[in-house]
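The primary structure of each chain is shown beneath.
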Amino acid sequence: MSEHTRRRTVLRAAAVGAAVAGASAGALSAPAAGQPLPSEAVAETGAGPDIVLDPSDPRYAALAARGYNRRFTGRPRRIHLPTTTGQVVHAVQEAVRRREQVVARSGGHGFEDFVDNDGVRVVVDLSRMTAVRYDDARKAFMVEAGSSLGAAYRALFVGWGVTLPAGWCPEVGVGGHVPGGGYGTLCRLHGLSVDRLYAVEVVVVDRAGRARAVVATREEDDPNRDLWWAHTGGGAGSFGIVTRFWFRDLPEPPASVLSFRVEWPWKGLGRDEFTRFVGNYGTWAEHNSAAGAHGTRLYGELVLFRELAGNLLLIGQVADTGQAARRLLDDLLTALGRGVRTQPFVQTHTLSWLTAASVIGSPDDPGPVYRLAVKSGYAKRGLTTTQIHAVHHHLTRTDYDHPAGLVSLNTYGGQVNAVPTDATAVAHRDSVLKLMFLNGWEGAADDERHRGFLRELYRDVYADTGGVPARTGAFINYADADLADPRHNTSGTPWHALYHGDHYPALQRAKDRWDPRNVFHHRLSVRPTGH
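Residues numbered from 1 in each chain as written. Predicted model: local features only at pLDDT ≥ 70, side-chain atom pairs only at ≥ 80, totals over all residues. Heavy atoms only, no water.

A.B. asks: Break down the overall build of the protein chain for me, with residues and values.
C.D. replies: A tally of helices and strands in the protein chain yields 14 helices and 17 strands. Looking at the protein chain as a whole, 61% of its 531 residues are labelled buried. Total accessible area on the protein chain is roughly 20,000 Å²; 50% of this is exposed by carbon and sulfur atoms. (Helix = DSSP H or I, 4+ residues; strand = E, 2+ residues; numbered from the N terminus. Buried < 20%, exposed > 50% of the residue type's maximum accessible area, 1.4 Å probe, protein only. Areas by Shrake-Rupley, 256 points an atom, 1.4 Å probe, with all protein chains shown as cover.)

Written out as C-alpha cells, the structure reads:
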C-alpha cells in the first residue's frame, strides 16, 4: 500500500496527538507428517548456534524492547535466538525444567502484553528463522515462523510467482499472523492465509514435561490433524511454539495494483452528513462482498480520525489495472458521496504488486515508540445509525482534547465467506467489515485517560449488546485483554465466545492433548478444560 500502511497511519495519528498535547535458508530431510522430531535430529544448511542473551549482554536491551506497543516492557531472564527447530525444543525443555514461563516472539507486533510482561522468564525470539523454500516431499511451500510477511512475499514471488494472501504490513511476523487467520488485502479474492495452510510444525510439551516437535497436516488421516486445525484461527501462544508452516495452492498476485489515498476534511461535515457518509460505506461493503463479485478486487480501510486531526481518510488498493481499476474506485467514491457535500482529495498510484506489498517504511516512520490501545469487531452489515451517532459523538466531543483516537472500517468478506465455518478454527465467515478502534499517545502518565476514551467509545458503539459486539452480529479480531477482565466486560458474554464462537470446545480439546500442563499461556490463550 505504498507508504501508507495501517500501522504507519496509526503512528502518524499518534504523532499528531503528541504534538497537540505538547502545544497545549532451508531444512534437510523433513520428518513424516505427524511424527515427533527429536531435538538432536534437526540440522539445517548454514544454521548457526542458538544465541542466548541475559540482561548483562549489551545486545539484550535492543532485543528485549522489540515489542510494538510501548505500554508494555518485559525483562526476561533469557532471550533465545535459535536457528533450528531443535534449538527451540532445547530452549523450551530448559524452561520447563526450571519451571519458567516461556513465550515465542515472531515479528513483535502484538498489541497486548502476551510477550512483554513481568511473568515471562524466557523469550524464544524466532527472528533468525526466516527460510522460505519449496518442500518437494510435502509438495508445499515452507515458510519459517520468524520470517516477516514482506520477506516471505518477496521470496515467494521472485522464486515461484506466487504469494500468501496475508496482511499488508510487511514488518509483521508470519509466526503470530497466520495462526490468527492471516487476513489482508488479497483475502477478499483468495481467502485467508489459513485457507492455504497444509501443515504446521509446533514445539509442544507433553504431560510428562518432555518438549518435542510435531508436524501436523490437514490430511484427514493424520492423527495430529487437530493440532493443525487449532492453528487455523485458534491464535498463537496457546498450544506450543510454531517453527514452520507449509502452504499449498498459493495464488498468483496481480501484476500491478492501483494504490489510493482519499481524504475528506472534517470542516463542514455535520452529524447528518457524517452519518450518511459512514452509512454509505457500509452499504457499499454489503453490496460488494459476495465471493466472486468484482468489488472484491478492492480492499479499503475507511479511517475515521477525530475531528481535531482534520481529515477523514480512505486508503487501500485495487487488484486490477488501468481503467477497470479506476472505475471500481470511482464507483466506491460515488457511493460514499451520496448526500455528502464535502468533496474528497484523491491520490492514486499504479504500482507493481511486489512494490505495494514490500515497502517497509518511509523516512518519517519513527517506529514502535507509541503507547497504544486497540479494540475491534467484525460486522455482518454496515453500522447502524445509532452506532454511527456514537462514533460521531466521541470523534467530535470537546471534553477530550487528544486527536489521535480513530475508528477504522476495513473491507472483508468475498472468498473468506465462501469457506465453510468448520473447515478452519476461524469463526468469522459471514462478515463484510472488520472494525478497529485505536488510540495512541506517548506518556505513561496519560494511560488511563486515553484508554478510558477508547473504552467509552467502544462501549457506546455496542451499547445495545452490553458494551461488546453481540455474538449474533459481530465477533472480535484484535487481541483485547479487557474482554477477560470482569471490570471491563460486564456483558455476561465470555471473552472466548467473542473470539472463537462455537469452536472453543474443540480448541480446548486440542489444548488438553497438546499442552496438558498449560505451559503456553497468556491472558487470552485457550484454557484447558476445567479452567
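A.B. asks: Could you give me a rundown of the packing of helix H8 (residues 271–287) against helix H11 (residues 385–396), with the residues and numbers involved?
C.D. replies: Viewed as axis vectors pointing N to C, H8 and H11 meet at an angle of 125 degrees, and their least axial separation amounts to 10 Å. With respect to each other, H8 and H11 are oriented oblique. In this structure, H8 crosses over H11, and the sense of that crossing is right-handed. Each of Arg271, Phe274, Thr275, Val278 and Gly279 in H8 lies in contact with H11, whose residues at this interface are Thr385, Ile388, His389, Val391, His392 and Leu395. Residue classes in the contact of H8 with H11 are distributed as 5 nonpolar, 5 polar and 1 charged. (Axes fitted to C-alpha atoms, helices over the stretch in contact; angles between N-to-C directions. Parallel < 35°, antiparallel > 145°, perpendicular 65-115°, else oblique. Left-handed = near helix turned anticlockwise from the far one by under 90°. Contact = heavy atoms within 4.5 Å. Nonpolar A, V, L, I, M, F, W, Y, C, P; charged D, E, K, R; others polar.)

A.B. asks: Any chance you could break down the side chain of Asp113 for me, citing the residues and the numbers?
C.D. replies: Tracing the chain through its elements places Asp113 in the loop between strand E4 (102–105) and strand E5 (122–125). With near-sequence residues (within four places) excluded, Asp113 lies in contact with Phe72 and Arg523.

A.B. asks: Could you give an account of the sheet that holds strand E2 (residues 51–53), with specific residues and numbers?
C.D. replies: Hydrogen bonding along the main chain pairs the strands of a sheet, whether they run parallel or antiparallel. Read from one edge of the open sheet, 4 strands run E2-E3-E5-E4, paired in mixed fashion. Where the open sheet ends on each side, the last strands, each with one partner, are E2 and E4. With strand direction ignored, the average angle separating the axes of adjacent strands in the sheet is 20 degrees. Where E2 lies against strand E3 (residues 78–81), 3 bridges are found, and the strand directions are antiparallel. Bridging across to E3, Ile51 finds its partner in Leu81. (Pairing = 2+ DSSP bridges.)

A.B. asks: Requested: an account of the environment of Leu81, with residues and values cited.
C.D. replies: Tracing the backbone shows Leu81 in strand E3. Relative accessible area serves as the criterion here: at 7%, Leu81 is assigned to the buried category. Separated by 46 residues in sequence, Leu81 and Ser127 have C-alpha atoms that sit 7.1 Å apart.

A.B. asks: Got a sec to walk through H11? Specific residues and values, please.
C.D. replies: For H11, with 12 residues, the first-to-last C-alpha span of 16 Å sits near the 16 Å given by 1.5 Å per residue. Every buried residue of H11 is accounted for by Gln387, Ile388, Ala390, Val391, His392, His394, Leu395 and Thr396. Contacts from the buried residues of H11 go to H8, strand E12 (298–305), strand E16 (406–411) and helix H12 (447–461). (Expected span 1.5 Å × (residues − 1).)

A.B. asks: Describe the side chain of Thr232, and please don't skip the residues or the numbers.
C.D. replies: Along the chain, the position of Thr232 falls in the loop between helix H7 (225–230) and strand E10 (241–247). Taking relative accessible area as the criterion, Thr232 reaches 0% and is therefore assigned buried. Engagement of the side chain of Thr232 in a polar contact is seen with the backbone oxygen of Trp229, the distance being 2.6 Å. Reaching out from Thr232, the side chain makes a polar contact with the backbone nitrogen of Ala425 at a distance of 2.9 Å. If near-sequence neighbours (up to four positions away) are discounted, Thr232 is found in contact with Pro179, Val194, Leu197, Thr424, Ala425 and Val426. (Polar contact = N/O pair within 3.5 Å; in protein donor to acceptor, adjacent residues only side chain to side chain.)

A.B. asks: So, the sheet that holds strand E14 (residues 345–352): which residues are in play, and what are the values?
C.D. replies: With antiparallel pairing, the 7 strands of this open sheet are ordered in space as E14-E11-E13-E12-E16-E17-E15. Since the sheet does not close on itself, it has two edges, and those belong to E14 and strand E15 (371–379), each with one partner. If you compare each strand with its neighbour and ignore which way they point, the axes differ by 15 degrees on average. In this structure, E12 lies alongside strand E13 (residues 311–318), joined through 6 bridges in antiparallel fashion. Within E13, the position partnered with Leu302 by the bridge is Leu314. Its contacts with the sheet put H8 on strand E11 (256–265), E12, E13, E16 and strand E17 (433–441), and the angle it makes with E12 is roughly 160 degrees.

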